[in-house]
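# Coordinate analysis (summary)
The primary structure of each chain is shown beneath.
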Amino acid sequence: MLANSNAMANVAVKDLARAKAFYEGTLGLKQVDDIGGELIVYKSGDTFINVYHSEFAGTNKATAVTWTVGDQIETVVKSLKSKGVTFEHYAMPGLTIEGDIHVGQGMKVAWFKDPDGNILNLVNG
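Residues numbered from 1 in each chain as written. Predicted model: local features only at pLDDT ≥ 70, side-chain atom pairs only at ≥ 80, totals over all residues. Heavy atoms only, no water.

Per an unreviewed UniProt entry, the protein carries the name VOC family protein and comes from Mesorhizobium australicum.

### Notes on the pairing of strand β9 (residues 107-113)
Filter applied, for reference: In this scheme, strands are said to pair when DSSP sees at least two bridges between them. Helix and strand assignments come from DSSP, with helices taken as H or I runs of at least 4 residues and strands as E runs of at least 2, each series counted from the N terminus.
Where strand β6 (residues 87-88) and β9 come together, two bridges link them in antiparallel fashion. Opposite F87, over in β9, you have F112 as the bridge partner. Judged from the three bridges that link them, strand β8 (residues 101-104) and β9 form a sheet pairing that is antiparallel. When the bridges of β9 are listed, H102 appears paired with V109. Connecting β8 to the antiparallel partner β9 that follows it, the hairpin turn spans two residues, and Q105 within it adopts a positive phi of roughly 55°. As defined by bridge partners, β9 adjoins strand β10 (residues 119-123) across five bridges and the pair is classed as antiparallel. Note on β10: the bridge partner recorded for V109 is V123.

### Description of the sheet that holds strand β4 (residues 47-53)
Heads up, the condition is: Angles shown run from 0 to 180 degrees and are taken between the N-to-C directions of axes, each axis being a line fitted to C-alpha atoms and, for helices, limited to the stretch in contact. What makes two residues a contact is simply this: any of their non-hydrogen atoms within 4.5 Å.
With mixed pairing, four strands are arranged side by side in an open sheet as β1-β4-β3-β2. Sheet topology places β1 (9-13) and β2 (30-35) at the edges, where each strand pairs with a single neighbour. Averaged over all adjacent pairs, the angle separating strand axes in this sheet is 25°, with direction ignored. Each of β1, β2, β3 (39-44) and β4 is contacted by helix α1 (residues 16-26), which is oriented at about 5° to β3, the strand it contacts most.

### Some points on the pattern of salt bridges
Keep this limit in mind: Basic side-chain nitrogens of Lys or Arg form a salt bridge, by our definition, when they fall within 4 Å of a carboxyl oxygen of Asp or Glu. Each residue is placed in one exposure class: buried if its accessible area under a 1.4 Å probe, protein chains only, is under 20% of its type's maximum, exposed if it is over 50%, and partly exposed if it falls in between.
With the rule as written, the count across this model stands at five salt bridges. Of the charged contacts, one joins K81 and D100 as a salt bridge, the two residues approaching to 2.7 Å between their closest N and O atoms. On the criterion of sequence distance, the pair formed by K81 in helix α2 (residues 73-82) and D100 in the loop between β7 (96-98) and β8 is long-range, its members being 19 residues apart. A salt bridge links E88 to K113, with the nearest nitrogen and oxygen atoms 4.0 Å apart. In this pair, E88 is assigned in strand β6 and K113 in strand β9, connecting sequence segments 25 residues apart. Given the relative accessible area of 36%, K113 is considered partly exposed.

### A word on a nonpolar patch on the surface
Note the threshold: Surface patches are drawn from residues lacking salt bridges whose relative accessible area is over 30%; two like charges belong together within 9 Å, two nonpolar side chains (Val, Leu, Ile, Met, Phe, Trp, Tyr) within 5 Å. Residue burial considers only the protein chains on display, and all accessible areas are found by Shrake-Rupley using a 1.4 Å probe.
A surface patch of nonpolar side chains, amounting to about 250 Å² of accessible area, comprises M8, V32 and F48. One can find M8 in the segment before β1.

### Observations concerning unusual backbone geometry
If you check the backbone angles, Q105 has positive phi at about 55° while not being a glycine. Assignment of secondary structure puts Q105 in the loop between β8 and β9. Overall, Q105 belongs to the exposed group, its relative accessible area being 68%.

Okay, structure coming up:
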């Protein structure tokens, strides 16, 4: 029923102005809509990310958004790091950490957080 329908990510934040600076200024996403100062819609590739105000911001302890960046993962990590992004390092079976990138099983992945603590990641897939 939903297999042919598009989906989008939803990310809760406490401060939309601070989130806007991060998602636009740091990540380089383009705003396509602002709904009542409570929801900002960003375009990322052919998909959309809803960033919205919520008192529950940052309570998700799992990955909220993943970007597939292919063989550009090292370049993207370096660029984000130069903009002040701090990458997370997790002990995960089968993966080793090379700089800020977890490597193993044919995969490269890097995790970081937005200002509200939402977990975001990059994958080479």
